[in-house]
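Architecture at a glance
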Amino acid sequence: MAALSNLKQCPPFSTLPDLALRHNHIPELERYPQINLNSELLANPAGQRFYGGQSFVSVNEGVLKRITRTFFDGGFWESLEEARSPKSREQAPLIAQAGDLIARLLGLATGLRLRILPHTQELSAERIAQFAETRDWLNSDVRYLAWNLHLFSLAVAGVDDVVRIYKKSSSATTATVLKSPSQTQITCMSWRPLCAAEIVIGCRQGLCFWEVENTLHLGRTNAPSKIFKHPNNLPITSMQWNRDGTQLATASIGDRSIIIWQPDNGMMQPLKRLGPPGSLLKWSPDNDWLFAATVDRVFRVWNCHQQWTTERWVCGPGGYIQTACWSPCGRFLLFVSSAEPILYRLQFVQQSLLSSSADEKEILPIADLNACSIDTNRTLIGGPAQQLAWDPHGNYLVVTFKSTNCIAVFRTFIQKFDLQISAAYYLSGETAAEHPSFICFQPLYKDNDRSVLTIAWSSGRIQYYAFD
């Protein structure tokens with residue numbers, strides 16, 4: 001079993017001043033956009049968003065009228081808070097007392113429900129951050145990265161609820177910007193396969209579909225081409241397209257069902273099973289299997305071609321699946337539980353999957369991710385894993401961690417019925433305190449067949465690392 005203690009140090013990308021001496025340098029990287037989202041947030045503080053509704057001057061309203069308006073603007077709970085506000089209590093004490101009674105009854109019902117179904121607690125931002133693949137999602141400058149599958153376009157979602165799209169040699173002033181009041185607390189993004197300009201953004205309000213145009217710049221508030229809301233008005237916390245872009249799978253940590261959307265006709269199909277709500281989705285590259293983790297020990301693998309039949313698995317006690325990834329061939333699934341720093345493998349071989357016997361497949365540990373010291377300064381690497389990323393060629397597996405700041409790189413060798421893995425080296429940031437927030441690999445394009453790792457660091461900068 002591979003171990004982190006065998007990792008070798010790799011010189012950080014930025015330490016060698018001569019580009020020709022950098023072991024991982026390719027001339028093409030010079031044309032990649034230089035991005036530092038922290039600098040852009042300071043220069044354009046979109047976190048202080050201004051929408052048209054803020055320009056109206058408030059007027060005196062009656063209590064009932066104010067509660068009604070709040071209901072249509074913010075929903076039931078906001079209107080209940082308005083009914084119990086000091087202003088409403090002063091103007092209409094009976095309405096405020098009725099609001100107090102309703103709040104107490106709902107509080108008792110909520111407490112009883114949480115005792116029976118503890119997974120149905122309120123979906124706060126902290127709750128969403130707990131199951132996000134992005135490290136420190138709540139405070140990270142970069143919340144998500146997504147590469148276009150066919151063209152050089154990198155979408156960067158920021159903590160300011162703005163998605164910036166960069167092309168080659170573009171800068172902060174030339175980046176395309178996707179911003180809307182209906183797009184807050186972004187959790188995931190995905191470009192549509194076989195489509196050059198459509199991207200879907202998962203957020204608190206649901207799914208925002210955008211047709212990317214070069215005329216969308218910072219300072220303009222635009223609107224998505226369409227918005228799909230979760231049937232229970234829950235936030236979308238994970239999404240995955242199938243290979244041909246005809247179906248979009250979404251999960252919410254407040255709902256047990258996985259929803260399969262058909263965006264072209266607006267149809268949706270919930271995949272219902274008893275158990276805890278879903279937290280993470282990964283569609284296999286060969287389009288055959290959909291991996292679905294939950295907020296508890298249970299995870300499932302759905303067969304996409306046999307009327308959505310499913311196999312149920314359970315990870316170690318006291319944890320949930322934090323992150324997972326498929327091999328490029330779709331025959332191997334790797335995942336890590338939040339309860340133990342062990343990398344596991346689940347093998348998908350056609351001969352065994354045709355059988356209904358569950359004992360023909362087994363989960364095998366293949367790497368020990370326990371923390372260890374990697375230099376004379378006793379710098380630690382390892383511990384509970386945060387995110388996995390497998391390069392498009394299937395030669396490198398990259399792992400980030402929840403509590404240590406270096407990135408581990410493993411070499412992988414995929415055979416038809418076997419997978420071999422060995423420790424390669426580790427990457428570190430510009431400072432000891434800098435940690436990776438999110439990682440992903442750039443897809444392979446016609447003009448570039450190198451595996452390029454994209455790293456969003458906690459400082460807000462984006463780094464590109466080319467593998468052999």
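Just so you know, these numbers come straight off a predicted model, no measurement behind them.

**Points about the sheet that holds strand β30 (residues 452–457)**
Pairing in this open sheet of three strands is antiparallel, and the strands run β29-β30-β31 from one edge to the other. Whereas interior strands pair on both sides, the edge strands pair on one side only; in this sheet they are β29 (436–441) and β31 (462–466). Between one strand and the next, the sheet's axes are offset by a mean angle of 20 degrees, whatever the strand orientation.

**Some remarks on helix α3 (residues 76–83)**
Turning to α3, its buried residues number three or more, namely Ser 79, Leu 80, Glu 82 and Ala 83. End-on, the buried residues of α3 take up no more than an arc of 160 degrees, which puts them together on one face.

**Here's the deal with the packing of aromatic side chains**
Each aromatic ring pair is characterised by the separation of its centres together with the angle its planes make. Within this structure, the stated rule accounts for 17 aromatic pairs. Centre to centre, the rings of Tyr 32 and Tyr 464 are 4.9 Å apart; their planes meet at 70 degrees, and the pair counts as edge-to-face. A residue pair is termed long-range when its members are at least 10 positions apart, and Tyr 32 in the loop between β2 (8–9) and α1 (37–43) and Tyr 464 in strand β31 qualify at 432 residues. Ring centres 5.8 Å apart and planes at 20 degrees place the aromatic pair Phe 335 and Tyr 344 in the stacked group. Exposure class is identical for Phe 335 and Tyr 344. Each is buried. Aromatic rings pair up to connect Tyr 32, Trp 147, Phe 152 and Tyr 464 into one cluster. It is Arg 143 that lies over the ring of Trp 137; its NZ or CZ is 3.9 Å from the centre.

**Points about the pairing of strand β14 (residues 267–271)**
Side-chain positions along a regular strand alternate between the two faces of the sheet. Summarising the sheet, strand β13 (residues 258–262) and β14 pair through five bridges and their orientation is antiparallel. Opposite Trp 261, over in β14, you have Met 268 as the bridge partner. Adjacent in sequence and paired antiparallel, β13 and β14 are bridged by four residues, among which Gly 266 carries a positive phi angle near 75 degrees.

**Details of empty space enclosed by the protein**
This model, assessed by the stated rule, comprises three cavities of 30 Å³ or more. In this model, the largest cavity occupies a volume close to 170 Å³. Taken together, 18 residues line the largest cavity, and the ones lying closest to its centre are Glu 133, Tyr 144, Thr 187, Thr 237 and Ser 238. Within the residue set of the lining of the largest cavity, elements represented by two or more residues are α6 (125–131), β11 (238–241) and β15 (278–283). Within the lining of the largest cavity, the residues separate by chemical class into 10 nonpolar, six polar and two charged. By volume, the second largest cavity is sized at about 110 Å³. Considering the residues around the second largest cavity, the lining is formed by 15 residues, among which Arg 256, Arg 273, Pro 276, Thr 294 and Arg 300 are closest to the centre. Those elements that place two or more of their residues in the lining of the second largest cavity are β16 (289–294) and β17 (298–303). Here the lining of the second largest cavity is composed, by residue class, of nine nonpolar, three polar and three charged.

**With respect to the environment of Gln 183**
Here Gln 183 shows up in the loop between β6 (176–178) and β7 (188–191). The exposure class of Gln 183 is buried, given its relative accessible area of 0%. In contact with Gln 183, other than residues within four places in its own chain, are Asp 161, Val 163, Leu 178, Ile 201, Cys 203, Gln 205, Cys 208 and Trp 210.

Thresholds, definitions, all that
Residues numbered from 1 in each chain as written. Predicted model: local features only at pLDDT ≥ 70, side-chain atom pairs only at ≥ 80, totals over all residues. Heavy atoms only, no water. Pairing = 2+ DSSP bridges. Helix = DSSP H or I, 4+ residues; strand = E, 2+ residues; numbered from the N terminus. Axes fitted to C-alpha atoms, helices over the stretch in contact; angles between N-to-C directions. Buried < 20%, exposed > 50% of the residue type's maximum accessible area, 1.4 Å probe, protein only. Arc of directions from axis to C-beta. Phe/Tyr/Trp six-rings, centres within 6.5 Å; stacked < 30°, edge-to-face > 60°. Lys NZ or Arg CZ within 6 Å of the ring centre and 35° of its normal. 1 Å grid on protein atoms, 1.4 Å probe; cavity = no way out; pocket = protein on both sides within 12 Å on 5 of 7 lines; lining within 4 Å. Points joined across faces, edges and corners; volume = space filled by probe spheres on them. Nonpolar A, V, L, I, M, F, W, Y, C, P; charged D, E, K, R; others polar. Contact = heavy atoms within 4.5 Å.

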